[in-house]
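Secondary and tertiary structure notes
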Amino acid sequence: RFYAHVFELMLRLRANYLWPAMWANAFNEADPENPRLADEYGIVMGTSHHEPMLRAQQEWKRHGTGPWDYVKNGDVLRRFWADGIRRIVALRGDLPSGYGAGGEFHYASDLVAFIREFTGDAFHIEVAAYPEVHPQARSPQDDLLAFERKIKAGANSAITQYFYNADAYFQF
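None of the values given here were measured: they were computed from a predicted structure.

Within helix α1 (residues 2–12), burial applies to Tyr3, Ala4, Phe7 and Met10. Along the axis of α1, the buried positions cluster into a sector of 125°, meaning they face one direction only. Turned more than 90 degrees away from the buried face of α1, the exposed residues are Phe2, His5 and Arg12. Buried residues belonging to α1 abut β1 (17–18), α2 (27–30), α3 (34–41) and β2 (44–45). Within two residues after α1, arginine 14 carries a phi angle of roughly 65°, on the positive side.

Encoded structure:
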């Protein structure tokens, strides 16, 4: 019942989003009641590019088969997703230092288009939006065009990254 206490505290603080660290554990498996409690309390559980689709690294090691690679291991990943995953946050992610040009998806819009091509409308896809402009954008206009490409590629909605100027959010 650890998370019941955490969720109660969060609601008292008017928070409803939790992004747990999962390096050595898996929120959904550490206690089978965790996902039900999150839903009961109205808490949105988040994840990062290190825990794809709320499946922690340790969870993939226990239940996954083969590489986490959409092209080489597509059939396994389709079955993995069919087990109840309905929403995806599609982020390009940051490349490791010295990695070079990156993989097949240079932009989040490429990733969204691939997911749509690969899975059709099986998922609700959310993408990132940057009210204060993405640090790598050349201009606010370029940033807005990048966001538009993600929507045209098939994203359903967007979430914002951290921002410090509330006016920028409301203007966005």
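Low pLDDT means the predicted atomic positions in that stretch should not be read closely. With 81% of its residues at a pLDDT of at least 70, the chain reaches an overall mean of 80. Mean pLDDT across the elements of the chain ranges from a minimum in helix α4 (residues 57–63), with 73, to a maximum in helix α7 (residues 140–153), with 94.

The next point concerns the nonpolar core. Core analysis: the largest hydrophobic core is formed by 17 residues, its most contacted members being Trp60, Ala90, Val112, Ile115, Phe123, Ile125 and Val127. Contributions of two or more residues to this core are made by α5 (74–82), α6 (108–119), β4 (124–129) and α7. When near neighbours in sequence (up to four residues on either side) are disregarded, valine 112 contacts Ala90, Ile125, Val127, Lys150, Ala153, Gly154 and Ala155. Formed by 11 residues, the second largest nonpolar core is a distinct cluster that contains Met10, Leu37, Ile43 and Met45.

So, on to the pattern of salt bridges. The tally for this structure, following the rule as stated, stands at 5 salt bridges. When the shortest N-O distance is used, the salt bridge between aspartate 121 and arginine 116 registers 3.9 Å. Here aspartate 121 falls in the exposed class, since its relative accessible area comes to 72%. Residue classification places arginine 116 among the buried positions, given a relative accessible area of 13%. Across the pair aspartate 142 and arginine 138 runs a salt bridge whose closest N-O atoms are separated by 3.6 Å. Given the relative accessible area of 78%, arginine 138 is considered exposed. Here the salt bridges share partners, and the residues they tie into one network are Glu33, Arg36 and Glu40.

Rules and cut-offs
Residues numbered from 1 in each chain as written. Predicted model: local features only at pLDDT ≥ 70, side-chain atom pairs only at ≥ 80, totals over all residues. Heavy atoms only, no water. Buried < 20%, exposed > 50% of the residue type's maximum accessible area, 1.4 Å probe, protein only. Helix = DSSP H or I, 4+ residues; strand = E, 2+ residues; numbered from the N terminus. Arc of directions from axis to C-beta. Contact = heavy atoms within 4.5 Å. pLDDT = per-residue confidence, 0-100. Core = buried A, V, L, I, M, F, W, Y, C linked by side-chain atoms within 4.5 Å. Salt bridge = Lys/Arg side-chain N within 4 Å of Asp/Glu carboxyl O.

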